[in-house]
Amino acid sequence: MKRILVLAATMAFAAGAAAQGAFPGRPVSMVVGFAPGGGTDTASRIIAKKLAENIGQSVSVENKPGAGGNIATDLVAKAVPDGSTILLGSVGSLTVAPHLVSKLPYDPLKDLAPITMAVVFPNVLVVHPSLGANTLADFVRLAKEKPGTINFGSSGIGGAGHLAGELFAMAAKINIVHVPYKGGGPAVADLLGGQIPAVFATPASAGAHVKAGKIRALAVTGATRSAYLPDVPTIAESGYPGYEAINWYAYVAPAKTPPDVLARWNQELVKVLSDPAVREQLLGHGLEPMPGTADALAKYMQREYETWGRVVKEAKITAN
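Since this is a predicted model, take the numbers as computed values, not measurements.

The rules we used
Residues numbered from 1 in each chain as written. Predicted model: local features only at pLDDT ≥ 70, side-chain atom pairs only at ≥ 80, totals over all residues. Heavy atoms only, no water. Buried < 20%, exposed > 50% of the residue type's maximum accessible area, 1.4 Å probe, protein only. Helix = DSSP H or I, 4+ residues; strand = E, 2+ residues; numbered from the N terminus. Salt bridge = Lys/Arg side-chain N within 4 Å of Asp/Glu carboxyl O. Expected span 1.5 Å × (residues − 1). Pairing = 2+ DSSP bridges. Right-handed = clockwise from strand over helix to strand, strands pointing away. Axes fitted to C-alpha atoms, helices over the stretch in contact; angles between N-to-C directions. Contact = heavy atoms within 4.5 Å.

1. Details of unusual backbone geometry
Note: most residues except glycine have negative phi, and most peptide bonds are trans. Unlike most non-glycine residues, Ala 67 shows phi in positive territory, near 55°. Overall, the relative accessible area of 48% leaves Ala 67 in the partly exposed class. Positive phi values are uncommon outside glycine, yet Lys 173 reaches one of about 60°. Tracing the backbone through its elements, the reader meets Lys 173 in the loop between helix H6 (160-172) and strand E7 (177-180).

2. Observations concerning the pattern of salt bridges
Summed over the entire model, instances satisfying the criterion amount to 10 salt bridges. The partner of Lys 50 in a salt bridge is Glu 53, with the nearest N and O atoms 3.6 Å apart. Residue Lys 50 and its partner Glu 53 are located together in helix H2 (residues 39-55), separated by three residues, close to a single helical turn. Across the pair Lys 78 and Asp 74 runs a salt bridge whose closest N-O atoms are separated by 2.4 Å. Relative accessible area serves as the criterion here: at 55%, Lys 78 is assigned to the exposed category.

3. As for helix H9 (residues 259-273)
Compared with the 21 Å implied by 1.5 Å per residue over 15 residues, the 21 Å span of H9 between its first and last C-alpha is a close match. The complete set of buried residues in H9 reads Val 261, Leu 262, Trp 265, Asn 266, Glu 268, Leu 269, Val 272 and Leu 273.

4. Some remarks on the pairing of strand E1 (residues 28-32)
Across the five residues of E1, five count as buried, placing the element largely inside the fold. Burial of the side chains of E1 extends over both faces: Val 28, Met 30 and Val 32 are buried on one face and Ser 29 and Val 31 on the other. Pairing geometry for E1 and strand E2 (residues 59-63), over five bridges, is parallel. Looking at E2, one finds that Val 28 is bridged to Val 59. Crossover handedness for the path E1 to H2 to E2: right-handed.

5. Thoughts on the sheet that holds strand E6 (residues 151-154)
The five strands lie next to each other as E7-E6-E8-E5-E9, forming an open sheet whose pairing is mixed. If you trace the sheet from one side to the other, it starts and ends with E7 and strand E9 (216-220), each paired once. For this sheet, the mean angle separating the axes of adjacent strands, direction not counted, is 30°. Inspection of the sheet shows strand E5 (residues 124-127) paired to E9 by four bridges, in the antiparallel sense. Paired with Val 126 across the bridge in E9 is Ala 217. Here H6 sits on the sheet in contact with E6, E7 and strand E8 (198-201), set at roughly 150° to E6.

6. Details of the sheet that holds E2
One open sheet holds the six strands; their spatial order is E2-E1-E3-E10-E4-E11, and the pairing between them is mixed. Either end of the sheet is taken by a strand with one partner, and the two such strands are E2 and strand E11 (288-289). Pairing of strand E4 (residues 112-122) with E11 involves two bridges; the strand directions are antiparallel. Its bridge partner being in E11, Val 119 is matched across the sheet by Pro 289.

Listed below in C-alpha cells is the structure:
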C-alpha cells in the first residue's frame, strides 16, 4: 500500500509538472479577424511559431474575417475563458466598432481582458501605377479634378486603414470613396490587379510589392517616416502638418479568464515579442514589437476608444 501511495504521488507530481510546462494544458487558438495575407495574419503567424516552441503546445492561427474584425472579436469574447483562446485584435474591433455599430454584440472594454500590446506601425497609402499619381500632391489633384471617382480600399470598415483614409480626406478636403475588404491581403490583391486604384494598407501587406515596383507608395500615416519604407514621406510632411494615424495590434482574452492565466499569457507573449529573432522578423515586415503590461494596454484602449469616438462623430463615418 505504501508503495502504491508513493507511486500515485509521484505520478501526480509528474502530471502537474507536465501541465505547468505545457501551458495552458491544451492546444491554443490564436484568432485574427482578417483573411490571410494582411498585417494581423503576418504578425500572428510569426508570433505563433515561437510561442508554440516556448509553451510546448500547438498554437493554430484561426482566420475569422468579416465586419472589420468584429466577427472574430465577438467569437473570442464569447469563448470559454480557460486560456486556450486568445485574440490578436486591432484598433477597429477593439476601440472603433462601438461608435460605428449600433447593436455590436460585444463590449470590448467589458467583455475582453487585455493581455499585452503586440505591435504598432503606420499605414501606407499605395496606388496602382495606372492612376497616374507619383506623389501625394498628384493624388489630391486627381481627387479634386474628379470628386467621388477615386476609390480607396482598406482591411475593413472602422479599421485603421479606413480611418486613416477618412482623416486624410478631411485634411485634404477631397471626396474619395471607401471600399472595405475582409483583410489587407484581399485589398492589396485587388490593387495589384488594377481592380481598385488605391489602398491604405499595412507595410506587411503592401511593402514587398512596393519594393518590387508593382505599386507606388505615396505617403505613410505616422508622425515619422517608417524604417521599413524610409524613402516614403509622411502625410504630415507632405503638406498636412499634424496628421497622424497609427495602427496597432494587441492581445486580449475572454473577460472571465482567471487572473493567473492572464498573467501567464502576458509573461509568455512578452517573452516572444522580446525575442531578438521574432523582433527581427516583425520589423522586417514594418511591424514594431511593443510588449507591455495588461494595465498599460487597458489604459491605451480606453484613450483610443475616446479619441476615435470623437473622430467617427466629426467625420460622420458610418458602418454602411
